[in-house]
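Okay, here's what each chain looks like letter by letter:
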Amino acid sequence: MMSLRKTILVWVTVLLGIVGAGAVAASYYFVKDEADSLLDTELRQIALNAGEGLSENAVPHLTHEPAEEVVVQIWNATGEAILRTPSFNIPRQSKLGFANVEFAGKSWRVYTSSDGLRTAQVAQRWSVREELARNAALGAALPILAAIPIAWLVIIWAINRLLRRLGGFAEALAQRSVDAKDPISLENVPPEIAPLNAALNELIGRHQNAVDRQRRFVSDAAHELRTPLAALQIQVDNLRTHANGAQLEAIDELNGGVRRASVLVEQLLRMARLDDAASSRIRADIDLKDLVAAAVADHVAIAMKKNVDLGLSDNDTCGVRLSDPEIGVLLANLVDNAIRYTPSGGTIDVVLKRQGADALVEVVDSGCGIPDAALPRIFDRFFRAAPADIEGTGLGLAIAKAVADRNGFRLTIMNRLDTQGVIAQVQIPVWTERTH
Amino acid sequence: MRILLIEDDPMIGKALVRGLGDQGMTVDWVRNGAEGSAALACAEHALVLLDIGLPEMSGIEVLKAARTAGALVPVLVITARDSLDDRIAGLDLGADDYIVKPFELRELLARMRAVMRRHNGQAQSLLMSGEITLDLVTHQARYRNTEHTLSAREFALMHAFMQRPGAILSRAQIEQRIYGWGEEVESNAVDFLIHEIRKKFGKDIIRNVRGAGWMVVKSET
């Protein structure tokens, strides 16, 4: 489909062309006709008043060809020429009034009048008359010719202005958050666009409904799963009370399975909560340094159990204060992931430092790294890059990413340059939190 | 000890009756809010385990009715909803604590003990976290199966840790807590104290966090 701008331009150009050409042609012919009759009147006036004029020798002398002038001849009643221009002896016309005469190879316009005593004949060359008429006609048509491009430019400017307003509308649409629930404002929108806007708003509403329903479903399903999981967990615990050696091992396996399912349910719930951008976000005032320390402290026991050296290094004082308690979850998930992927005897460093205006948190592990092919998908829900023997739900990084996104942080996971593990990096622009 | 369990889910109900029974408790199990309210009115139980998600009369309503009627029995709420609003609603209505499904039996038992202790007015004298118990009156500490009386400095150190289990304390923070103003602090005093405590209870009682400091673990993970 041709763009609106192009369509309008083509039509305006064609229209301006037709109207302009018509106007120029019409004004040319009208003015030329007018000039003709004006010159005729002039000839007649000269004929009526000829005779008592100044002699040929009157000063100043003409500097141009007399041929361009009007030729006046007067005869008396007897037919004797009283006045004539020597080189132009146009034969006396028998018929009075206007006539077209051929003389000396040129066309002439002749007016002859007589009062009985004298006959005056005034002549003018057609070519001169035509030139005069053409000049007058061109003078009349030129402004129209000049007006056409000006009108064209003005129209283009107006169209561009109009389309820019549409562009603004589109930009406002493009910048909307996926979770924005409010309808697009009808202000500053041309009334012609309003129906489109209304249809869009309706679509947004329906889409939002579908998203809400889906999230509610995930949340409800996870909540519903909690009760049977709780029952399972207690039953496993009961089993343990009465178990002996060989059974204990099987019960531990069973317990591991129940726990894993519980973790998955918790993460699903967290994911559903994060997807609900409108969910009441608790306004907190948390020091980033405390969050980092807490994320480490919470995992010290697990790390020790796995014989992984988890610690802080280069812990810089950033003085960044954050408002979203879920940021703790983001950091915890990164540390948790690092512990999962780091074999016994490995090291995990959590680094907090400044980088320009940003605060930077890095979790550097000495694990197995991530295959390059898997890197683009690591934030996908339920995607797991790990070897099958490493437990996980595939939601940890997806949750971390969701938290990062809703706070405007940049979360990057990359392999270490020395290929001895992974660096998870969160870049926290200090200003994002100040704007809250 | 006689416990009232108000829970509609048969699986959880049966498992809890058995699990708590194994711990020597007598459990009266009712399956809906109305019966629960009636049982509460008898005031025969030492503790009530109340599920919030009951059909018809919800746990919240049962709790509200009981507290309005002046029942003083400690109530531990069991909930599948863990949003802050749900938790605050429960506590505001007079629940003594809450536990979110799914949970392990020993965590429930620990919460029940804590609620009972608080209710009997013993709470102020004991700090507990995970496997560590610190008696503020007798300066006795218990970790796993060892129990010792602490020296004044050792107690000050453990007290600092136990006030915020799970938080890392730096050397400077520890020194600030256990030494008064103007007191001479020897450079390795903290290391020495920690060494002494570890010698009594085992290495794991205080965890070292590289680059940050020391901590005690909040609860067993």
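Only a predicted model underlies this, so the values are computations on that prediction, with no experimental measurement involved.

## What to know about a nonpolar patch on the surface
Taken together, Met2, Val10, Val14 and Ile18 of chain A make up a surface patch of nonpolar side chains, about 360 Å² in accessible area. Tracing the sequence through the fold places Ile18 of chain A in helix α1 (residues 4-49).

## Brief notes about the sheet that holds strand β3 (residues 97-103) of chain A
The strands that make up a sheet pair up through hydrogen bonds in the backbone, lying either parallel or antiparallel. All names here are of chain A. Spatially, β2-β1-β5-β4-β3 is the arrangement adopted by the 5 strands of the open sheet, whose pairing is antiparallel. Each of the sheet's edge strands pairs with one partner strand only, and the pair in question is β2 (81-83) and β3. Across the sheet, the axes of successive neighbouring strands diverge by a mean angle of 30 degrees, strand direction being ignored. Contacting β3, β4 (106-114) and β5 (118-125), helix α2 (residues 126-174) crosses the sheet at an angle of about 60 degrees to β5.

## Looking at the nonpolar core
With 53 residues, the main nonpolar core has Leu288, Leu330, Leu334, Val350, Val361, Ile413 and Val426 of chain A as its most contacted residues. Ignoring any residue separated from it by four or fewer positions in sequence, one finds Val350 of chain A in contact with Val292, Val296, Leu310, Gly311, Leu312, Ser313, Val335, Val361, Glu362 and Val363 of chain A.

## Focus on the pairing of strand β6 (residues 126-129) of chain B
Both β6 of chain B and strand β7 (residues 132-135) of chain B contribute to a ladder of 4 bridges, which runs antiparallel. Bridge pairing in β7 of chain B links Met128 of chain B to Thr133 of chain B.

## Quick notes on the side chain of Ser262 of chain A
When you line up the elements, Ser262 of chain A lands in helix α4 (residues 245-275). Within the local environment of Ser262 of chain A, its side chain forms a polar contact with the backbone oxygen of Val258 of chain A, the two atoms lying 2.9 Å apart. What Ser262 of chain A contacts, discounting residues up to four positions off in sequence, is Leu229 of chain A together with Pro102 of chain B.

## Topic: unusual backbone geometry
Only a minority of non-glycine residues have a phi that is not negative, and only a minority of peptide bonds are not trans. All names here are of chain B. The peptide bond linking Lys101 to Pro102 adopts the cis configuration, its omega dihedral lying at -5 degrees. Mapping Pro102 onto the fold places it in the loop between β5 (97-100) and α5 (105-119). Its identity as a non-glycine residue notwithstanding, Arg144 has a phi of 50 degrees, on the positive side. Looking at the secondary structure, you find Arg144 in the loop between β8 (140-143) and β9 (146-149). The exposure class of Arg144 is partly exposed, given its relative accessible area of 38%.

## A short note on the confidence of the model for chain B
Where the model shows low pLDDT, its predicted coordinates should not be examined in detail. All names here are of chain B. Of the residues in chain B, 95% reach a pLDDT of 70 or more, and the chain-wide mean stands at 86. The secondary-structure element of chain B with the lowest mean pLDDT is helix α4 (residues 84-92), recorded at 74, while strand β3 (residues 47-51) shows the highest, at 94. Complex prediction metrics read pTM 0.61 and ipTM 0.73.

## Remarks on α2 of chain A
Residues and elements named next belong to chain A. Taking 1.5 Å per residue, 49 residues should reach 72 Å; α2 reaches 70 Å between its end C-alpha atoms and fits that length. The sharpest bend along α2 measures roughly 30 degrees and falls at Ala141, with the proline Pro143 sitting one to four residues further on. On its buried face, α2 sits against α1, β3, β4, β5 and α3 (194-242).

## Quick word on the environment of Pro190 of chain A
Tracing the chain through its elements places Pro190 of chain A in the loop between α2 and α3. Residues Pro190 of chain A and Leu166 of chain A, spaced 24 residues apart in sequence, show a C-alpha to C-alpha distance of 8.2 Å.

## Considerations on the packing of aromatic side chains
Residues and elements named next belong to chain A. Here the structure, examined in full by the defined rule, presents 2 aromatic pairs over all chains. Seen in terms of ring centroids, Tyr28 and Tyr29 are 5.5 Å apart; in terms of plane orientation they differ by 85 degrees. Their pairing is edge-to-face. With a centroid separation of 4.6 Å and an interplanar angle of 50 degrees, the aromatic rings of Phe98 and Tyr111 are classed as tilted. You can see Phe98 sitting in strand β3 and its partner Tyr111 sitting in strand β4, a full 13 residues away along the chain. With a relative accessible area of 30%, Phe98 lands in the partly exposed category. Over the aromatic face of Trp126 sits the side chain of Arg129, whose NZ or CZ is 4.8 Å from the ring centroid.

Analysis parameters
Residues numbered from 1 in each chain as written. Chains lettered and ligands numbered in written order. Predicted model: local features only at pLDDT ≥ 70, side-chain atom pairs only at ≥ 80, totals over all residues. Heavy atoms only, no water. Patch = residues over 30% accessible without salt bridge, like charges linked within 9 Å, V, L, I, M, F, W, Y side chains within 5 Å. Areas by Shrake-Rupley, 256 points an atom, 1.4 Å probe, with all protein chains shown as cover. Salt bridge = Lys/Arg side-chain N within 4 Å of Asp/Glu carboxyl O. Helix = DSSP H or I, 4+ residues; strand = E, 2+ residues; numbered from the N terminus. Pairing = 2+ DSSP bridges. Axes fitted to C-alpha atoms, helices over the stretch in contact; angles between N-to-C directions. Contact = heavy atoms within 4.5 Å. Core = buried A, V, L, I, M, F, W, Y, C linked by side-chain atoms within 4.5 Å. Buried < 20%, exposed > 50% of the residue type's maximum accessible area, 1.4 Å probe, protein only. Polar contact = N/O pair within 3.5 Å; in protein donor to acceptor, adjacent residues only side chain to side chain. pLDDT = per-residue confidence, 0-100. Expected span 1.5 Å × (residues − 1). Bend = angle between axes of the 7 residues up to and from the residue. Phe/Tyr/Trp six-rings, centres within 6.5 Å; stacked < 30°, edge-to-face > 60°. Lys NZ or Arg CZ within 6 Å of the ring centre and 35° of its normal.

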